[in-house]
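These are the residues of each chain, in order.
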Amino acid sequence: MTETKAIFIPSGFADEASGDFAKQIEAHQQLGWDYLIIRTVGGVKAEDLPVEKHTELKQMLDEAGMKVSSIGSAMGKVPIDTVTLEEDIQTLDRLCKLANTVGARYIRVMSYEQGDDTPQEWRDKAADRLQTLGDYARTHGVMLTLENCVGYPQDGDKMVEFLELCNCDNVRCAFDPGNAAGHGVNTWEMYTKVRDYIEYFHLKDTTYDGSQHFPGEGDGQIEKILTALWDSGYQGFVSIEPHVASTDHLANDSQLNQWDSYQKYGQMVNEMYKKVCK
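Residues numbered from 1 in each chain as written. Predicted model: local features only at pLDDT ≥ 70, side-chain atom pairs only at ≥ 80, totals over all residues. Heavy atoms only, no water.

1. Remarks on unusual backbone geometry
Counted only if it meets this: Helix and strand labels come from DSSP, where a helix needs a run of H or I of at least four residues and a strand needs a run of E of at least two; each type is numbered from the N terminus. Working definition: with a 1.4 Å probe on protein chains only, accessible area under 20% of the residue-type maximum means buried, over 50% means exposed, and in between means partly exposed.
In this structure, Tyr 112 takes a positive phi of about 75° despite not being glycine. Looking at the element boundaries, Tyr 112 is found in the loop between β6 (106-111) and α4 (119-138). Classification of Tyr 112 by relative accessible area gives buried; the value is 1%. One non-glycine residue, Asn 167, lies in positive phi territory at about 55°. By secondary structure assignment, the location of Asn 167 is in the loop between α5 (156-166) and β8 (171-175). Judged by its relative accessible area of 59%, Asn 167 falls in the exposed class.

2. As for the packing of α5 against helix α7 (residues 187-194)
Going by this rule: Between the N-to-C directions of two axes lies an angle of 0 to 180 degrees, each axis being a line fitted to C-alpha atoms and, for a helix, fitted only over the stretch in contact. Here is the rule for angles: anything less than 35 degrees is roughly parallel, anything more than 145 is roughly antiparallel, 65 through 115 is roughly perpendicular, and the remaining ranges are oblique. By definition, turning the near helix anticlockwise from the far helix through less than a right angle yields a left-handed crossing, and turning it clockwise yields a right-handed one. Throughout, a residue-residue contact means that at least one pair of heavy atoms, one from each residue, lies within 4.5 Å. Residues are grouped as follows: Ala, Val, Leu, Ile, Met, Phe, Trp, Tyr, Cys and Pro are nonpolar; Asp, Glu, Lys and Arg are charged; all remaining types, including Gly, are polar.
Where α5 meets α7, the closest approach of the two axes is 8 Å, and the angle between their N-to-C directions is 25°. Considering the angle they form, α5 stands roughly parallel to α7. Our pair here, α5 against α7, has a crossing hand that is right-handed. Listed contacts from α7 to Gly 156, Asp 157, Met 159 and Val 160 of α5 are Met 190, Lys 193 and Val 194. Taken together, the residues that form the contact of α5 with α7 break down as four nonpolar, one polar and two charged.

3. Structural notes on the sheet that holds strand β1 (residues 7-12)
Strand pairing in a sheet relies on backbone hydrogen bonds. The paired strands run either parallel or antiparallel. As a reminder of what qualifies: In this analysis, strands are considered paired if DSSP registers two or more bridges between them.
One open sheet accounts for eight strands, arranged β1-β12-β9-β8-β7-β6-β5-β2; its pairing is parallel. Looking at the sheet topology across the chains shown, the edges are occupied by β1 and β2 (35-38). Strand-to-strand twist in this sheet, taken as the mean axis angle between neighbours without regard to direction, amounts to 30°. Where strand β5 (residues 67-72) and β6 come together, three bridges link them in parallel fashion. Bridging from a neighbouring strand, Gly 72 pairs with Arg 108 of β6. Lying over the sheet, helix α3 (residues 85-102) contacts β2, β5, β6 and β7 (143-151), oriented at roughly 170° with respect to β5.

4. A short note on the pattern of salt bridges
We count it as follows: Criterion for a salt bridge: a side-chain nitrogen of Lys or Arg within 4 Å of a carboxyl oxygen of Asp or Glu.
Overall, the coordinates contain 22 salt bridges when judged by the stated rule. Between Glu 56 and Lys 53 there is a salt bridge, with its nearest N and O atoms 3.1 Å apart. Placement of the pair is Glu 56 and Lys 53 together in helix α2 (residues 51-64), with a separation of three residues, close to one helical turn. The partner of Lys 125 in a salt bridge is Asp 81, and the shortest N-O contact between them spans 3.1 Å. Residue Lys 125 is located in helix α4, and its partner Asp 81 is located in the loop between β5 and α3; the two are separated by 44 residues in the primary sequence. Assessed through its relative accessible area of 55%, Asp 81 is described here as exposed. Through salt bridges with shared partners, one network takes in Asp 15, Glu 16, Arg 39, Arg 108, Glu 147, Asp 176, Lys 204 and Glu 241.

This is the structure we're talking about:
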């Protein structure tokens, strides 16, 4: 039997380099990467960008020879009872139009905050909602990647439980070891439980107290997990999400320069790839 050759395609949440889209593109070019994630542009969330902006972004991407790995939406970051299915469908429709225009195959989502529901009610409502949204996204040729961020599946057992309950092969796991550590979860243990469900990999490093760090300096066990992911034959995107500087997406009290810290993070990951991708 022929062994599957692993492929890591580097990418990143571009708004962590700059709010300006031209600079977002430039940041990834300087790192030698061909892909980026659109999350916000000029401080405007991807789902709120007007349709005419989609075409403008596509033209800028084409002129630079840059492509889009995913749309980093904010869907599912609110209690599920505060947004109707119809509202979510409308939001997803806008996101799918953006994805189709810029050529992205994936849209990142979360699985809703708990609100006033019991854990079981919350889980069941969210899984049912994401099954419907996953089926809708499929009609547009887009897959939803569920991040272990806001929502029910914050550890390995809950992620597997949630995806099995969702029962939609168009909703797959976007694994983020930094988020796992930030939730107090052993990242290696979570990886071993969700690895068969991983469609997309977010590279963030965090300590168990929730503070953000450069890759290899937190509790994310980044190099160990990347090595295992490579050895498993994973073929897909690995996208950095540093969170080490204050940005339009996530304001914090960091004194680090946004552009410089993004470049440093990406360069450190490039060096890590040299060690892992053998």
